[in-house]
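One-letter residues, chain by chain:
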Amino acid sequence: MKKKNRVGKMTLMAAMVMLSVQTAYAGGITDSNLAVGTQRLFEDISKVLMILGPITAAAFAGYFVIRRGMADEQDAKVWQKRITASVICGVAVLLVGGLINLISSYYI
């Protein structure tokens, strides 16, 4: 008899909770400090990536070119792979910065 009573109380409690749920509307969230600050943060991050990313990749590629010039034939292949990887990473950083800028532009 106790099990039946517990199940009935739990069902009644669950029904009361479901009936008391209210719909919450998020009005004016685009004007809040959190939304505006987050948008500005994303814009600043994309600007920094677009400026510092290629500069860093070019610096590493230049260093790797110098090291490749001083290396023998076998090590030159390794340095060439590193040069290629740094150029690809520089392009990837530009693409990520542009993507962040594109996504944040939709939230204006």
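Report on the accompanying structure. Position numbers for residues count from 1 along each chain, tracking the sequence in the order it is written. Given that this is a predicted model, residues contribute local features only at a pLDDT of at least 70 and side-chain atom pairs are listed and counted only at 80 or more, while totals for whole chains, interfaces and linings are drawn from all residues. For the side-chain quantities, the full set of heavy atoms in the structure was used; hydrogens and water were omitted.

**Looking at helix 2 (residues 33–70)**
Here comes step 1: Over its 38 residues, helix 2 extends 54 Å from the first C-alpha to the last, a length consistent with the 56 Å expected when each residue adds 1.5 Å.
Here comes step 2: Summary of the burial criterion: residues with accessible area below 20% of their type's maximum are buried, those above 50% are exposed, and those between are partly exposed, where the area comes from a 1.4 Å probe applied to protein chains only. A run of H or I in DSSP becomes a helix once it reaches four residues, and a run of E becomes a strand once it reaches two; helices and strands are each numbered from the N terminus. Among the residues making up helix 2, those that are buried are Q39, S46, G53, A57, A61 and F64.
Here comes step 3: Only heavy atoms enter the contact rule, under which two residues are in contact if any of them lie within 4.5 Å. Its buried side turned inward, helix 2 meets helix 3 (73–105). By definition here, a helix of n residues has an expected span of 1.5 Å times n minus one.

**What about the packing of aromatic side chains?**
Here comes step 1: Working definition: rings of Phe, Tyr and Trp (its six-membered ring) pair if their centres are within 6.5 Å, and the pair is stacked with planes under 30 degrees apart, edge-to-face with planes over 60 apart, and tilted otherwise. Evaluation of the coordinates by the stated rule reveals four aromatic pairs.
Here comes step 2: When the centroid spacing of 6.0 Å and the interplanar angle of 40° are considered together, the rings of F60 and F64 count as tilted. Here F60 pairs with F64, and both are found in helix 2, just four residues apart, close to one helical turn.
Here comes step 3: Taking the relative accessible area as the measure of exposure, F64 reaches 14% and is therefore buried.
Here comes step 4: Aromatic side chains Y63 and F64 sit 5.8 Å apart centroid to centroid with 55° between the ring planes, which places their arrangement in the tilted category.
Here comes step 5: Residue classification places Y63 among the partly exposed residues on the basis of a relative accessible area of 41%.
Here comes step 6: Among the aromatic residues, those joined into a cluster by ring pairs are F60, Y63, F64 and W79.
Here comes step 7: Residue placement shows R82 over the ring face of W79; its charged tip is 4.5 Å from the ring centre. Two thresholds decide whether a charge sits over a ring: the Lys NZ or Arg CZ must be within 6 Å of the ring centre and within 35 degrees of the ring normal.

Note that every value here comes from positions in space, so none of it alone points to a role or purpose.
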